[in-house]
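Here's the letter readout for the chains.
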Amino acid sequence: DDAVSLRLNWQILGFHAPFYYGVKKGFYKEEGIDLTVNEGRGGAATAQAIGASSDTFGVVDAGTVIVSVTRGIPIRTVMSVMNSGIFAVVARKDANIVRAADLEGKTIAVTAGDALTQLFPAVISANKLDEKKIRFVNVDAASKVVAVLEKRADATLGSVDAQSFVMEARGVAASVLSYDDLGVKLVGLTVVANEKTIAASPDLIRRFVRATRKAFVEAQKDPDGAIAATVASKPELDGKVLRQQMDVSLAKLTSAATAGLPLGIGAASDWDNTVTLLKTYQSLATDKPGSAFFTNDFAK
Amino acid sequence: MAEAQIVLKGVGKTFVRGLQRTTALAGVDIEIARGAFVAVVGPSGCGKSTLLRLVSGLVMPSEGSVRVAGEPVVGPRADTGIVFQKATLVDWRDILGNVLLQLEMRGIDGPEARERARTLLTAVGLGGFENRYPHELSGGMQQRAAIARGLVHQPGMLLMDEPFGALDALTREQMRLDLEALWLRERMTVFFITHSIDEAVLLADRVIVMSQRPGTVDHVFDVDLPRPRGLAARNDPRFAALTDAITRIFLSRGVLDEQRLAL
Amino acid sequence: MAEAQIVLKGVGKTFVRGLQRTTALAGVDIEIARGAFVAVVGPSGCGKSTLLRLVSGLVMPSEGSVRVAGEPVVGPRADTGIVFQKATLVDWRDILGNVLLQLEMRGIDGPEARERARTLLTAVGLGGFENRYPHELSGGMQQRAAIARGLVHQPGMLLMDEPFGALDALTREQMRLDLEALWLRERMTVFFITHSIDEAVLLADRVIVMSQRPGTVDHVFDVDLPRPRGLAARNDPRFAALTDAITRIFLSRGVLDEQRLAL
Amino acid sequence: MFEKNGGALSSIATAIALLVVWEGATRLLGIPTYLLPAPSVIASDFARNWPRIADSSWITTLNMVAGFVLSVLVGIPLAMALAYSPQVERSIYPIVVFLQILPKIAIAPLFIVWFGFGTMPKVLLVFLLTFFPIVVNTVVGFKSVDPGVMELARSTGAGALRTFYKIRFPSALPSIFVGLKIAAALASTAAVVAEFVASDSGLGYLIITYNGQLATPMVFATIIVLGVIGLVFYFLIEFVERLVVPWHVSMRADQAGA
Amino acid sequence: MFEKNGGALSSIATAIALLVVWEGATRLLGIPTYLLPAPSVIASDFARNWPRIADSSWITTLNMVAGFVLSVLVGIPLAMALAYSPQVERSIYPIVVFLQILPKIAIAPLFIVWFGFGTMPKVLLVFLLTFFPIVVNTVVGFKSVDPGVMELARSTGAGALRTFYKIRFPSALPSIFVGLKIAAALASTAAVVAEFVASDSGLGYLIITYNGQLATPMVFATIIVLGVIGLVFYFLIEFVERLVVPWHVSMRADQAGA
Ligand SMILES: Nc1ncnc2c1ncn2[C@@H]1O[C@H](COP(=O)(O)OP(=O)(O)OP(=O)(O)O)[C@@H](O)[C@H]1O
Ligand SMILES: Nc1ncnc2c1ncn2[C@@H]1O[C@H](COP(=O)(O)OP(=O)(O)OP(=O)(O)O)[C@@H](O)[C@H]1O
Ligand SMILES: [Mg+2]
Ligand SMILES: [Mg+2]
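In this report, we go over the structure that sits alongside the text. (Residues numbered from 1 in each chain as written. Chains lettered and ligands numbered in written order. Predicted model: local features only at pLDDT ≥ 70, side-chain atom pairs only at ≥ 80, totals over all residues. Heavy atoms only, no water.)

## Re the site of ligand 2
Lining the immediate surroundings of ligand 2 are 22 residues, of which S138(B), G140(B), K48(C), S49(C) and T50(C) lie closest. Chain contributions to the surroundings of ligand 2 come from chains B and C. With respect to ligand 2, the backbone of K48(C) contributes an N or O atom lying 2.7 Å from an oxygen atom. T50(C) is positioned such that a nitrogen or oxygen atom in its side chain is 2.5 Å from an oxygen atom of ligand 2. Relative to its unbound accessible surface of 630 Å², ligand 2 loses 91% to contact with the protein. Within the residue set of the shell around ligand 2, elements represented by two or more residues are helix 4 (139–151) of chain B together with strand 2 (20–32) and helix 1 (48–56) of chain C. Here the shell around ligand 2 is built from residues that sort into six nonpolar, twelve polar and four charged. (Near = heavy atom within 4 Å. Polar contact = N/O pair within 3.5 Å; in protein donor to acceptor, adjacent residues only side chain to side chain. Areas by Shrake-Rupley, 256 points an atom, 1.4 Å probe, with all protein chains shown as cover. Helix = DSSP H or I, 4+ residues; strand = E, 2+ residues; numbered from the N terminus. Nonpolar A, V, L, I, M, F, W, Y, C, P; charged D, E, K, R; others polar.)

## Describing helix 11 (residues 239–250) of chain A
All names here are of chain A. Compared with the 16 Å implied by 1.5 Å per residue over twelve residues, the 16 Å span of helix 11 between its first and last C-alpha is a close match. Tucked into the core, helix 11 has its buried residues touching helix 1 (17–25), helix 7 (163–169), helix 9 (202–221) and helix 10 (223–233). The N-capping residue of helix 11, defined by a side-chain oxygen 3.0 Å from the backbone nitrogen of K240, is D238. (Expected span 1.5 Å × (residues − 1). Contact = heavy atoms within 4.5 Å.)

## So, the site of ligand 1
The immediate surroundings of ligand 1 are formed by 22 residues, with K48(B), S49(B), T50(B), E136(C) and S138(C) found nearest. At ligand 1, the nearby residues belong to more than one chain, namely chains B and C. Within the side chain of S44(B), a nitrogen or oxygen atom sits 2.8 Å from an oxygen atom of ligand 1. Protein coverage of the free-state accessible area of ligand 1, which is 630 Å², stands at 91%.

## Quick look at the interface of chain E and chain A
Contact residues are listed per partner, giving 17 residues for chain E and 21 residues for chain A. Around 1600 Å² of area is buried between chain E and chain A when both sides are counted, 60% of it from carbon and sulfur atoms. Linking chain E with chain A are zero salt bridges, by the criterion used here. At the junction of chain E with chain A, the criterion picks out zero residue pairs in polar contact (both at pLDDT 80 or more). Listing elements by their share of the side of chain E that touches chain A, those giving two or more residues are helix 4 (104–115), helix 7 (160–198) and helix 8 (202–212) of chain E. Of the residues assigned to the side of chain E that touches chain A, the class counts are eleven nonpolar, five polar and one charged. (Buried area = accessible area lost by both parts, 1.4 Å probe. Salt bridge = Lys/Arg side-chain N within 4 Å of Asp/Glu carboxyl O.)

## As for the sheet that holds strand 3 (residues 37–41) of chain B
All names here are of chain B. One open sheet accounts for six strands, arranged 6-7-8-3-9-10; its pairing is mixed. Two strands bound the open sheet, and with one partner strand each, they are strand 6 (80–83) and strand 10 (217–222). The mean angle between the axes of side-by-side strands here comes to 15 degrees, regardless of whether they run parallel or antiparallel. Across four bridges, strand 6 lies against strand 7 (residues 157–161) in parallel orientation. Of the residues in strand 7, the one forming a bridge with G81 is L158. Running at roughly 175 degrees to strand 6, helix 4 makes contact with strand 6 and strand 7 of the sheet. Against the sheet, helix 7 (residues 237–253) contacts strand 3, strand 9 (206–210) and strand 10, and its axis sits at roughly 170 degrees relative to strand 10. (Pairing = 2+ DSSP bridges. Axes fitted to C-alpha atoms, helices over the stretch in contact; angles between N-to-C directions.)

## Digging into the relation of the copies chain D and chain E
Rotating chain D by 180 degrees about the axis while translating it 0.1 Å along that axis superimposes it on chain E, leaving an RMSD of 0.2 Å. With respect to symmetry, the two chain copies, as superposed, fit the operation of a two-fold axis. Taking the C-alpha atom as reference, chain D places P133(D) closest to the rotation axis, 4.0 Å from it. Taken together, the interface assignments show that 98% of the residues at the interface of chain D recur at the interface of chain E, consistent with an identical surface on both copies. (Least-squares fit on C-alpha atoms with pLDDT ≥ 70 in both.)

## Quick word on the pattern of salt bridges
Under the defined criterion, the tally for this structure stands at 58 salt bridges over all chains. Put simply, R248(B) and D244(B) hold a salt bridge, and the shortest N to O gap is 3.9 Å. One end of the pair, R248(B), and the other, D244(B), are both in helix 7, four residues apart, so they sit about a helical turn from each other. A residue is classified by how much of its surface remains accessible, and R248(B), at 52% relative accessible area, is exposed. Here E151(D) makes a salt bridge to R53(C), at a shortest N to O gap of 2.5 Å. Taken together, the residues E151(D) in helix 6 (residues 147–155) and R53(C) in helix 1 connect one chain to another. Its relative accessible area of 13% is what places E151(D) among the buried residues. We classify R53(C) as partly exposed; its relative accessible area is 26%. (Buried < 20%, exposed > 50% of the residue type's maximum accessible area, 1.4 Å probe, protein only.)

## Thoughts on the pairing of strand 7 of chain B
Residue and element names in this part refer to chain B. The buried count for strand 7 comes to five of five residues, which makes it a mostly enclosed element. Both strand 7 and strand 8 (residues 189–193) contribute to a ladder of five bridges, which runs parallel. Pairing of D161 across the sheet is with I193, part of strand 8. Handedness of the crossover joining strand 7 and strand 8 through helix 5 (residues 169–186) is recorded here as right-handed. (Right-handed = clockwise from strand over helix to strand, strands pointing away.)

## Thoughts on the coordination of the magnesium ion (ligand 4)
All names here are of chain C. Looking at the metal site, the magnesium ion (ligand 4) is ligated by S49 (OG) and Q85 (OE1), spaced 1.9 to 2.2 Å from it. Remark: Q85 occurs in the loop between strand 6 (80–83) and helix 2 (95–104) and S49 occurs in helix 1; sequence separation between them is 36 residues. A relative accessible area of 22% means that Q85 is categorised as partly exposed. (Donors = N, O, S within 2.8 Å, 3.2 Å for Na, K, Ca; no water.)

## Considering the side chain of K13(B)
All names here are of chain B. In this structure, K13 sits in strand 1 (residues 6–17). A relative accessible area of 12% places K13 in the buried class. For K13, the side chain forms a polar contact with the main-chain oxygen of M60, separated by 2.9 Å. Here K13 is in contact with T22, T23, A24, L25, T50, L54, V59, M60, P61 and S62, once residues within four sequence places are set aside.

## Quick look at the interface of chain D and chain E
With 82 residues of chain D at the interface, the matching set in chain E holds 81 residues. Interface area, chain D with chain E, both sides summed: about 6800 Å², of which 74% is carbon and sulfur. The interface formed by chain D and chain E contains zero salt bridges. The tally of links between chain D and chain E comes to four residue pairs in polar contact (both at pLDDT 80 or more).

If you want it as structure tokens, here you go:
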């Protein structure tokens, strides 16, 4: 078997459960792959690790893939898994944020400099909000939820599959408005490989993609099994939260442009859109089209 | 009659470290009148320095009682001047600073203090060396600086532990003369440890001869040579008689062996 | 004729710190034959210890040359034993360990070395104190430990800086006798600094009298008293004559002033 | 550094007093658990999860000790070189200081890229975070040998090596132990920081995980366990110090107090 | 700690040599920029962005110095209490050690919650990260006064306060400066760590931002600027040391070498 490692983008989240499920069920074995799943510390670190060939595959969000490639990191998305973004505004339910316009006059806890914050102006302009009417407080990533719980902020920027569950676990009802819903459409999490691997072992990638697709499909049919497989590897995980996260993130696998296509196929239009947003709001300097950052060769 | 300035009654001192016990002094009875000049001689390690520490209040006796100026000693007294066996100058101050330290520790400061410190340093032959640091001085110079430090605050009680040990014959003699003159003028109580029997007899009113460890008072000699003794006293037959007597006590303790090849 | 063991030619030593210069020695010429016993006396601060350091190779002269055993001195020699003016025992070893250190630094170890160290400690009167740490000893005891340390490796050249300064009269006399006996047996070259003119004359073949700082050789006296001198030598008229002569040199330098109230 | 008898008791008393105040404050002021959990809450959560913490502790302890040992093995010889040769000191020392000043946490992600996710980058990080106090204290120790003792050493004509282990090293030991104690106190933090960045195991990883879940009582429990491990390590070093340098002034009982 | 003349030159020479090797290695081995940027790349990126870095440096320097000063102001009196009173030592010391061992980075987010977002939590973090070396070295300094000098001090009958500032303090200064130097070297890292967690400005914030953008050369540039600030601060402390304790053995030129 080929010994292959997958570096996740972060510590284990619901979205990652299918990978563990695939290993547990032997889907990768069936394809001749001996897979080790490793946790990560952010998409950027994972992109660097794949670029340096420390790991074979990595889970990296499309935005980071695009930035990495323009920085010269030799990676490419081989499986566009999550084609809708998971960025979201997460609010206290009692702040009554149900539409974009409700954001005016509210306080939002942000972590300065992260992609969520950098892209928020896109939300403002897409919804023609008055930027001056929104107050921002800077918090580090770990304290965003606390800031909302403590009512120092009405909402925070996060992802559809994370903060709301933590808040609800502390007894504070939450509401979620995804960037998608707010008219800012980004491609989400993808699987990347090093360009060298793509050139040298296309068959390996094809087998990996096949197994992964099967894992996601089967996990959707057997969510409890997927969660059980994941928790087995990390006992301190809270299965309930993990399940909620998984349900939400698996609902984001397709976008309008990829509806009905097999899992892992990306749409050039979605990627173009993502590139444009990054160019506009994150001062990304590239003249490459979206299609330069991913390939559907293996997912077809 | 008023109590003597320094009174030791049945004083003993034992040092303990773990199971190891060292009895430095046992059953020491001493009375020293106010304004007296008392010298202590005795074999090395017999407890002379320990005795001085007891009188100064730096250590407490294991047995017996130490009283100074009518009060039990519970700690050091500010009116005491001590010249320790080792110079123990502090290395972050120059010589003048070291002498001034004695004053500053008593809250005395100002140009007058400085002046007095300078004068004393000149008196002990260190004029011009005021701004040297201790490690730049010879052994004898360090000792002289320590003497100046012990005198600078004009103490009413002076405790000196072999103060002239590291000095050459001439300097030693001059320092002896100077100390006698000072004492005649100030009449402070002096407790003077020395290894030189001559020096003890030349300086003191009374010489205490101590025995081997554990130290006790072996003999006490009163010296009735006229003051000031100056250089002439050496020629007095009483001087010769006394030094002889004391030397004989020393000799009686151990017979000197000319033939042994111990080393 | 072979060159003398120790030869100093036009030796000067100046210490410099910033703008401040101290000339400790100037134009010193000394020759010491192999196996000779030479004593040095001189006023405090005249450069005796500096001279010893030069001979030992611990410091280099600012001027002139120092040769030992026919070779220019470029550093300390392993066959030298030094007793420093200060005991400088290391505080992390007991007394026995301190004496053994001298041997260990030379790569000598084993039960024989231990035995010799113990014997020497007993000889200097520290039997039973082998396992005390330096701070548990009296000043004189520390000095005696340092003497044992200086002798334990049976050096061919012995440099001693006031080794008996902190000892009482009796111990001092016994140590003097022991040292003479040792020297008569081993005939090593001895360079002996002392403040006691008696001691210099009683021990040495030759006494070098140094002048005030900057130190130079003022007078040299050959001592032709018969060996072993033992206790009897004190009664020899030549002893009295020599000590008198040396004392007179000292006195001629500074007039003792009985009246001044310097302190 | 503190008396044998009564020492443990006295500090346990202080600790208990602090815990009582803490418990009382959280209850009386109604501080929410995710802000500052009461000790009782921490204890009960800890009781439920201790096997996990025990496993992770073991891993963290290994990283910590390995990094610390590396610090000692590199730091002391480096200090020797710095103390012995003015040339080495002039050219290397500022670089050592610079290395120390660099925020290791900022370059830690690069460590992962360079060395992978294994044990290596963690041990290296602990090393980088702890070696400096050892170096600085040891250099000063080597340089502060009593000049009289140094003369004695030189007078024996002994070589540099022998002078080192018979004189400079024992003389510098009190100073070296100060460095070792500071390093020991830093080591557990260093191990955890390394695990923050480069690990999927150990207490650092647990802290991140629990933090993400806002499981504040478990975060506290983990931190406290880490503190206890660090304390044990620290006082172990101090215990060794007592054995090795009982002769030093700072160890003598009569030195305390004015 | 190193000679006045030639010192700077010699270390600059070493630094240049390292840079040349670094540049050469990245070019010859074709190391990609995102792994290890060549010095030339770092320099050119830095040149483009320096005004931003300059502003941030100022903020970081302020946090660093404020936290350091707080460490000194708290650390030395605390060390005094620990050195003077065995009771205080017994009950407080383990807690001080425990405080030091706690991974401040893990509790930093709580700091923000407790103290808000201003300068306060940052200065506090720098303080917590730097005070320990000062305390430990100072305690040892206070306890290691030559017993002979201590006897002299006691013989004067002077009070504890006077004994402290005339004897214990000057005598402990060399040791205190060791602690100050270690703390100074930690201070810049501490400031950056504080800014990682609790800031929207300063070099720490810049590093995080550039890291997120995978702008590795700018990460390096920022770290290097930080290193330079730290070095200047460190050698400033060392300079003060030279002024204040020129008398100490470790400062005498002849002490170097065997
Ligand atoms: N701190 C201590 N711990 C243990 N023993 C001690 C201590 N101080 C002194 N001693 C012992 O007490 C005895 C007397 O010591 P002390 O210093 O009083 O002698 P001394 O008469 O002054 O000798 P010297 O003339 O050599 O200075 C010695 O045997 C010494 O070993
Ligand atoms: N390291 C030094 N730096 C500056 N000056 C020094 C140094 N060592 C010695 N001196 C000076 O050199 C002179 C001679 O000192 P040395 O120690 O040789 O005198 P000595 O004859 O041994 O005196 P003593 O009999 O008092 O021990 C003194 O004036 C002293 O101040
Ligand atoms: Mg004594
Ligand atoms: Mg001398």
